[in-house]
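Working through the structure, step by step
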Amino acid sequence: MKKYFLLFSLFCFSCLSSVKAQKYEELAKTPPMGWNSWNKFACDINEEIIRGVADKMVESGLRDAGYVYLNLDDCWHGKRDSLGFITADPVKFPSGIKDLADYIHSKGLKIGIYSDAGRQTCGGRPGSLGHEYQDALTYAKWGIDYLKYDWCNTEDVNPIGAYNLMRDALRAAGRPILFSMCEWGNSKPWTWAKDTGHMWRTTGDIFNCFDCVDEHPGWKAFGVLQILDMQEGLRKYAGPGHWNDPDMLEVGNGQKVNQDRAHFSMWCMLAAPLILGNDIRNMSDETKAIIMNKDVIAIDQDTLGVQGLKVASQDGLEVWFKPLAGGDWAFCLLNRSNVDKEYEINWQKFNFDDEVSKRSTNFYNTTYVIKNLWTKKIEGSTKKDKKVSVPAQDVLLYRLSIAK
Ligand code: GLA
């Protein structure tokens, strides 16, 4: 009898803990990681591509490196049926989204979907305005795990109302669905959305270049450095469960390897969601080495959940620190310019108190071992100043670990 009671208690405990792990508030303790169709495929998606991506996420090791969300962006939609329920595009997704979700789940992945708070999505498909509860219920029935909610065609819509409404609809639908707000930072969501979304876009769209602005009448898209600069002042608003989102990655979409390395490193220093945007079915070894570098991913996924900060900047060379759980720091030198730069790191210049994490670097009393996270080499300790060369449009990224 006692034995059965013990087994029963263990069973209940494991039920409870799995329910607990699925609570809405706990879906993004560290920045979400996955893949999204938009940056590479835009509207040209179909179930064959998505299934191929799912297969590759497992085969390539991406899933095991932490990239678990496979997200459909715009243009998966068909029409609403006679009762107003959304359907999938019958030509692109003939098997339907439920079938696709089952396939994705069978691979140990999670599935994300996309909608919009207005009447239509940015790609002109049906938006969720007036159908919020109905859509949330449909997503829950399909087995959706993540919703990206866009902001096109919302002229007369209040953002706080619209995003809270969809949050409430998702909660009411009963399935833990991670809520990614894509409102481009217009209403400063970092000031009001902590309990609304698990992440919010801070800017307009990323453009696939390292240092440029793509201008159109009425809107702009931004290169990597431009988006990085727009994160200034936002770090205090992010933390476990609610992240600033500087948009999806362009790594592997044609920029130079040094630029891709800098882009990925800086997104990790920002504790940004790591949502890949390349064709992972055809990746170069260089791209794989960047997006699957476990030491670099660990900087992003660090459980302290505090974004990095820029502590110095001169002639295109920036010095960044990010506090990590257990007392370590990530340290990054970013060379924005087109020429290689020689630099001498004088650690004592970087003793500072971080108001956000309430942590201090203390190079007088603490010695840190320096590990180069791209070469994986230990490069001495912070006892001595260090001369380095930072290649053009590239980074040096280190983990500083308290010496034992
Ligand atoms: C907006 C978003 C993008 C993408 C497209 C889809 O521009 O910001 O990330 O979702 O819409 O149309």
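What you see is a predicted model, and the numbers here were worked out from it, not measured in a lab. (Residues numbered from 1 in each chain as written. Predicted model: local features only at pLDDT ≥ 70, side-chain atom pairs only at ≥ 80, totals over all residues. Heavy atoms only, no water.)

**Re the site of the ligand**
- Taken together, 13 residues are adjacent to the ligand, and Asp-73, Asp-74, Lys-148, Asp-150 and Asp-205 come closest.
- The side chain of Asp-150 places a nitrogen or oxygen atom 2.8 Å from an oxygen atom of the ligand.
- A distance of 3.0 Å separates an oxygen atom of the ligand from a polar atom in the side chain of Trp-184.
- Expressed as a share of its isolated accessible area of 310 Å², the protein-covered part of the ligand is 93%.
- Broken down by class, the residue content of the shell around the ligand amounts to six nonpolar, one polar and six charged. (Near = heavy atom within 4 Å. Polar contact = N/O pair within 3.5 Å; in protein donor to acceptor, adjacent residues only side chain to side chain. Areas by Shrake-Rupley, 256 points an atom, 1.4 Å probe, with all protein chains shown as cover. Nonpolar A, V, L, I, M, F, W, Y, C, P; charged D, E, K, R; others polar.)

**Observations concerning the packing of helix 5 (residues 132–142) against helix 6 (residues 159–173)**
- Running from amino to carboxyl end, helix 5 crosses helix 6 at an angle of 40°, the nearest separation of the two axes being 8 Å. Judged by the inter-axis angle, helix 5 sits oblique to helix 6. Remark: the crossing between helix 5 and helix 6 carries right-handed chirality. In contact with Glu-132, Tyr-133, Asp-135, Ala-136, Leu-137, Tyr-139 and Ala-140 of helix 5, helix 6 contributes Leu-165, Met-166, Asp-168, Ala-169, Leu-170, Ala-172 and Ala-173.
- Residues that form the contact of helix 5 with helix 6 fall into these classes: 11 nonpolar, no polar and three charged. (Axes fitted to C-alpha atoms, helices over the stretch in contact; angles between N-to-C directions. Helix = DSSP H or I, 4+ residues; strand = E, 2+ residues; numbered from the N terminus. Parallel < 35°, antiparallel > 145°, perpendicular 65-115°, else oblique. Left-handed = near helix turned anticlockwise from the far one by under 90°. Contact = heavy atoms within 4.5 Å.)

**Some points on the sheet that holds strand 12 (residues 274–276)**
- Spatial ordering of the open sheet is given by 11-8-7-6-5-2-1-12, a layout of eight strands whose pairing is parallel. Where the open sheet ends on each side, the last strands, each with one partner, are strand 11 (243–245) and strand 12. With strand direction ignored, the average angle separating the axes of adjacent strands in the sheet is 25°.
- With three bridges joining them, strand 8 (residues 199–201) and strand 11 adopt parallel strand pairing. Across the sheet, residue Arg-201 finds its bridge partner in strand 11, namely Asp-245. (Pairing = 2+ DSSP bridges.)

**With respect to the nonpolar core**
- With 97 residues, the main nonpolar core has Tyr-67, Leu-70, Trp-76, Ile-97, Phe-264 and Trp-267 as its most contacted residues.
- Counting contributing residues per domain, this core is built from domain 1 (15–300) and domain 2 (309–402), each supplying no fewer than three.
- Among all residues touching Phe-264, those that are not within four sequence positions of it are Tyr-67, Leu-249, Val-251, Leu-274, Ile-290, Ile-291, Val-296, Ile-297 and Trp-374.
- Membership of the second largest hydrophobic core comes to 20 residues, among which are Leu-317, Tyr-368, Leu-396 and Tyr-398. (Core = buried A, V, L, I, M, F, W, Y, C linked by side-chain atoms within 4.5 Å. Buried < 20%, exposed > 50% of the residue type's maximum accessible area, 1.4 Å probe, protein only. Domains from an automatic or database assignment.)

**As for the packing of aromatic side chains**
- Summed over all chains, the structure comprises 19 aromatic pairs.
- Their ring planes at 50° and their centres at 6.3 Å tell us that Phe-331 and Phe-350 sit as a pair that is tilted. Taken together, the positions of Phe-331 in strand 15 (residues 329–335) and Phe-350 in the loop between strand 16 (341–345) and strand 17 (353–354) put the pair 19 residues apart, joining distant regions of the chain.
- Judged by relative accessible area, Phe-331 falls into the buried class, the value being 0%. (Phe/Tyr/Trp six-rings, centres within 6.5 Å; stacked < 30°, edge-to-face > 60°.)

**A word on the sheet that holds strand 22 (residues 394–402)**
- Spatial ordering of the open sheet is given by 13-14-15-22-19-20, a layout of six strands whose pairing is antiparallel. Only two strands of the sheet have a single partner each, and these edge strands are strand 13 (309–314) and strand 20 (378–381). Going across the sheet, the axis of each strand differs from the next one's by a mean of 20°, ignoring polarity.
- Sheet topology note: the strand 15/strand 22 ladder contains seven bridges and is antiparallel.

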